[in-house]
Amino acid sequence: MSDYLDPNNEELLKDYFSEAQQNVDTLEQNMLELEKGFNKDTVDEIFRAAHTLKSSSATVEFMEINKFAHTVEDVFDAIRSDQLAVTEDVMDVLFQGIDTIKAMLEQRMNGAVYQEDTKALEASMEALIPGKGGAQPASPKAAAAKSTPPAPPPQAGGASNASPLPVGGAGGGLSPEEMAELKSSAGGKPVFKVTVKFDEASPMNSVGPIQLYSQLKGDGTVLKTNPDFEALYEDVFRPSVDYYFATTKDAEYIKKSVVIPDVSLSAEVSPVNLDWQHEGTAAPTAPVVSTGSTTGKAAPAPQAPVAATPAKPAPSPAAKSAAAAEAAKAGKEASSILRVDSRRIDDLLNLVSETVITKATFNQISMQFNNLQSVLRNDDSLFRERIKSLLDELPDMLEAIQKGKNVKDIRKQIAENYADLFNMFDNFSSGYKENLGKFRATSQNLGRLTGELQEKVMRIRMVPISQIFSRFPRMVRDLCKQTGKKVNLVIEGEETELDKSVIEDLQDPLMHSIRNAVDHGVESPEERVAAGKPETGMVLLKASNEGNMIIIEVGDDGAGIDVQAVKDKAVQKGLISPNKIITDQEAYQLIFDPGFSTSKTITSISGRGVGLDVVKRSIEKLNGTVTVQSQHGKGTTFVIKLPLTLAIIQGLLVRVGPEIYSIPITSVIESVRIKPEDIQKIDNYEVFNIRNEVISLLRLNRLFGIKTEEQTDYHFIVVVGTEEKKMGFMVDSLIGEEDVVIKPLRDQYTNSPGIAGASILGDGSVSLIIDVSQLLDLGLRKEQEQQRIREATIR
C-alpha cells in the first residue's frame, strides 16, 4: 500500500483493481482490433488505457506495474506518432506485455508482489521504440531532429537575456536559503517548476495532486510542493498545485507525463536556475513549456516560501504485511463490484417511494380497523344491554298475555322499544366493508410493487454477457497460433444480460466449448481447401433470450462429429456393449463422459478428455442443460440453456411424507399418475412406461429416508430431465407451482446428495430444493452398475 494513503483505505484499492481490470480488458480488445487494421481512434483508446493504468498504479504505489506499464505506453506512443509500424511480431511482444500486467495484477490482488524477471521482455519492447534499440524514426526529419544536439543556454546578461531564473522573479521568488536547500537535495539534476491545473469534474478530484506526485516520483525527485505536501492529504479540491521537481528528463517529457485524462487539464513546465543571484537588476523571463489549454506564458506569480517535505521513513515489515493483507482483501472484493446504470437505480427508488406510500396506506387501514374494533366493542356492549333489557321485560309481557292482553299489542310494543337492535351494527358493518375494500386494493398494489421490485432488483444484478464474451477473441488468436489454423470468431448477442452470479460460473464451460470447436471442430487450412471450404474457418458465439431462459450457442463450420469414432471409443472404454445400437443423439451425449476423447494425440490444448465433462457439470450446476447438434462435414453446435437468475426460480412443490420439496420447474417435463401395477422391474431396477417410453423410477422417500405410507391406488410421478435423459420421481402428492427464493446450505448440509439449497415458504416452513442433475447422475450410475453386473454374469 502507498505510504501516503490511509492504511485502512480499502475503497481506493477496490476502485483501483476494478479500474485496472477494465483498462487491461480495454487494452486487449483494442489490440485485437488494431491487429486487423490500423485505426487512429483505436490507437488513441489503447494509449489512454495504458496511460491511465500506469498513473493509477503509481497512485497506490504498485511501482512494478507502473514501471512496466510505462514501457508498454512508450511502445504505443511510438505507434501513435507513426514511428513504429504494427506488425505481427510487434503485436506478439505487446500481448506478452499485457499477459505480464495481468499476472502482476493477480499477484497484487492476492496480497503479493510479482517476482518474475521482466527485463528480457522490457528489453524486447524497448528495442521496438525508435532511438532505444532496433526501430528507427519514421522520417529523415525526425532522424535529423534526433541527431541535432541541443543548443547551449544563453549566458546571463547576453543579448537574449533569457537565462532561467528562480521562479517568481527577483522581487518575490525563492529565498537564497530555499534555493540552497533545493540545490543540495537535487543531487546535481536540473530542477523544474511544474504547475498543474486539475479537473474539478473528476470523481476523485481530491486525490489528483497525490496522483501527480506519484507520477513524478517515478521519473525523479519531488523536492517541494505548493501547497505544502501535508496539505495535499486533505479531502478538498485544489485547482492547481506547484511541484519543484529534480529530474534528468526534459521538459517535453515532463509535460506529457503530467497531463492525465480525467485528472489534470493542463500543465506549465519551467526550469529553475538555482545559481541565479538576487541583484538589483530585473529578473529575466524564464522559458515556459505548457500543455492543455494553456499557451506560453510568463512565469507565474511568486509563491510563499514553503519548507521542503522531509523524506518518509521506509515502512516496517509489519506495515508491509498489513498493507499486503489490505491489498489482498481489496482485490477479492473488487470482483464483487457491480456497475449499474443510474436509470435502474432511479426506477428502484421510484418503486421504493411507492412502497413507502403503500406502507402509509396500510398504517391508515390498521388505524381504521382499530377504530372499528372500538366501535364494535361499544355496539356489542349496547347490544348486550338492550338484549338484557328485553329479557327482563319478557316475564311481564308473558304475564300480560296470560291476563288477556292481545299478542299483537305485545309484539307492537317490542317492535317500538327494541327496533334499534336490527341496525345497531350498521355503522360498524359499512365501515368494515369500506376498510376491507381498501385493504384488498392496497394488498393488490403491494403485490404489484413486490413483483416490480423483484424484477428491478434482478435487473440490477444483470450484466451484459459481453463481460465474458470479450475474453475469447484473444484466446482464439492464441489457439490459432498454436494449431496453425485460421479461425474467425463471430460474436452475436453480446448485449444479452444475465445474472452476475451465473456470469461468473460460465467462463470455464464456454472456454472449453470454444477450445473444442477450434481444436476438434475446425479443420486445418489444407483440409478445408481440399473439402471445398474457405481456408478460414468460423466459430460462432451467440447469446439470445427465450422467455426466462438464455440460450448460448457455440458452433463451428468444421467437419462435424464422427459418430462411428465416438461409438468405437465408447466400446473401448466399456461405456456401451459392442452390439448396442445407439442413436446419433445418444452418441453425442457420450462425449460428455469424463476422460472421453477421440483425439489420437495429447497436446497442450486437448486430448486428455477433461473439457466437455467440465462443460456439462458446470452447466448442470447452474440448473441448465447442454445439447449437441452436428452434421457431418458441415459443423457442430453446442446449445446451452440457462435460467436468467439463480436467486429466484419457479419450483414445483411436492410432498414426501411430512416434508415438502421444491423441484426447479425448468427441469420438469411432465407429471403423471400411475397405478402400482404399472411399475415394472428390470434387473432390480424400477421402471414405468409412458407412451411406449420406458423411464427409470426413483422413490424420493427411500432416497431421503422418509417414512411414508405406501399408496395403494395411485402414485404421483414427476418426470424430470431432458428429452435425451429422463427419470421419474415418485412423490406422495403435488402441491403446485411457486416462486422459490434459493438459500444456500451451510456446514454439514453442504454435501447432502441431491439437495441444491433451501427455501422458506409462506407459512414459515423450510422446503429443500432438489438438485435434479445429481439425482439423474445417481440413476445413471445405478444403471451402469447393473449393466456391468449383467456383463460380468454373462462372461
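In this report, the structure presented in the accompanying data block is examined. (Residues numbered from 1 in each chain as written. Predicted model: local features only at pLDDT ≥ 70, side-chain atom pairs only at ≥ 80, totals over all residues. Heavy atoms only, no water.)

Here's the deal with the overall build of the protein
Selection rule: Under the DSSP-based scheme used, a helix requires at least four consecutive residues in state H or I and a strand at least two consecutive residues in state E, with every element numbered from the N terminus. The buried label goes to any residue with under 20% of its type's maximum accessible area, the exposed label to any with over 50%, and the partly exposed label to all in between, with areas taken from a 1.4 Å probe on protein chains only. The contact criterion used throughout is that any non-hydrogen atoms of two residues lie within 4.5 Å. For the area figures, the Shrake-Rupley method with a 1.4 Å probe applies, and any residue is considered shielded solely by the protein chains shown.
Helix and strand counts for the protein come out as 24 helices and 23 strands. Counting all 795 residues of the protein, 42% fall into the buried class. Put simply, 72% of the contacts in the protein that link residues at least 6 apart link residues at least 24 apart. Of the roughly 42300 Å² that the protein leaves accessible, carbon and sulfur atoms contribute 51%.

Structural notes on the sheet that holds strand 14 (residues 659-664)
Operational definition: Paired strands, in this sense, are two strands between which DSSP finds at least two bridges. Think of each axis as a best-fit line through the C-alpha atoms, taken over the contacting stretch in the case of a helix, with angles from 0 to 180 degrees between the N-to-C directions.
Pairing is mixed in the open sheet, where five strands are placed in the order 21-13-14-23-22. Looking along the sheet, the strands with just one partner apiece sit at the ends: strand 21 (733-741) and strand 22 (755-760). Averaged over all pairs of adjacent strands, the angle between strand axes in this sheet comes to 35°, irrespective of strand direction. Sheet analysis places strand 22 next to strand 23 (residues 766-770), joined by five bridges and oriented antiparallel. Following the sheet pairing, Ser759 is matched in strand 23 by Ser767.

Focus on the pattern of salt bridges
The condition is simple: A carboxyl oxygen of Asp or Glu within 4 Å of a side-chain nitrogen of Lys or Arg is what we treat as a salt bridge.
Under the counting rule described, the total for this entry stands at 35 salt bridges. One salt bridge in this structure joins Glu45 and Arg48, with 3.5 Å as the shortest N-O distance. Here the residue Glu45 and the residue Arg48 both occupy positions in helix 2 (residues 40-59), the gap between them amounting to three residues, near one helical turn. Its relative accessible area of 30% is what places Glu45 among the partly exposed residues. Between Arg386 and Asp420 there is a salt bridge, with the nearest N and O atoms lying 3.4 Å from each other. Here the residue Arg386 occupies a position in helix 12 (residues 342-402), and Asp420 occupies one in the loop between helix 13 (407-418) and helix 14 (426-461), the gap between them amounting to 34 residues. Owing to a relative accessible area of 32%, Asp420 belongs among the partly exposed residues under this scheme. The network of salt bridges with shared partners includes Glu28, Glu35, Glu88, Asp92, Asp99, Lys102, Arg474, Arg477, Asp478 and Lys481.

Side note on the packing of helix 3 (residues 63-80) against helix 5 (residues 119-126)
A pair of packed helices is captured by two measures, namely the crossing angle of their axes and the spacing between those axes. Filter applied, for reference: Oblique is the label for every angle not falling under 35 degrees (roughly parallel), over 145 degrees (roughly antiparallel), or within 65 to 115 degrees (roughly perpendicular). By convention the crossing between two helices is left-handed if the near helix lies anticlockwise of the far one by an angle smaller than a right angle, and right-handed if it lies clockwise. Ten residues, namely Ala, Val, Leu, Ile, Met, Phe, Trp, Tyr, Cys and Pro, are considered nonpolar, four, namely Asp, Glu, Lys and Arg, are considered charged, and the remaining ones, Gly among them, are considered polar.
At their nearest, the axes of helix 3 and helix 5 sit 9 Å apart, and the two run at 20° to each other. Between helix 3 and helix 5, the angle falls in the class roughly parallel. As for how helix 3 packs across helix 5, the hand of that crossing is left-handed. For the pair helix 3 and helix 5, contact is made by Lys67, Phe68, Thr71, Val72 and Val75 and by Leu121, Glu122, Met125 and Glu126, respectively. Classifying every residue of the contact of helix 3 with helix 5 gives five nonpolar, one polar and three charged.

Overview of helix 10 (residues 251-258)
Counted only if it meets this: By arc we mean the arc of the directions from the helix axis to the C-beta atoms, nothing more.
For helix 10, the complete set of buried residues consists of Ala251, Ile254, Lys255, Ser257 and Val258. One face of helix 10 carries all of its buried residues, which in axial projection span an arc of 165°.

Topic: helix 20 (residues 563-572)
Our working rule: In protein, a polar contact requires one atom able to donate a hydrogen and another able to accept it; more generally it is a pair of N or O atoms within 3.5 Å, and residues adjacent in sequence count only if both atoms are side-chain atoms.
Every buried residue belonging to helix 20 is among Val563, Val566 and Ala570, and all of these are buried. One side of helix 20 carries all its buried residues, which in axial view fall inside an arc of 60°. Buried residues along helix 20 sit in contact with helix 21 (584-590). The N-cap residue of helix 20 is Asp562: its side-chain oxygen and the backbone nitrogen of Gln564 are 3.3 Å apart. A positive backbone phi angle near 80° is found at Gly574, which sits one or two residues after helix 20.

Structural notes on the packing of helix 1 (residues 10-36) against helix 4 (residues 88-109)
The geometry of helix 1 relative to helix 4 is characterised by a closest axis approach of 11 Å and an angle of 165° between their N-to-C directions. Here helix 1 lies roughly antiparallel to helix 4, going by the angle between them. Relative to helix 4, the crossing made by helix 1 is left-handed. Packed against helix 1, whose contacting residues are Tyr16, Phe17, Ala20, Gln21, Val24, Leu27, Glu28, Met31, Leu32, Leu34 and Glu35, the element helix 4 presents Met91, Leu94, Phe95, Ile98, Asp99, Ile101, Lys102, Leu105, Arg108 and Met109 at the interface.

Keep in mind that these numbers describe shape and distance, not what the molecule does.
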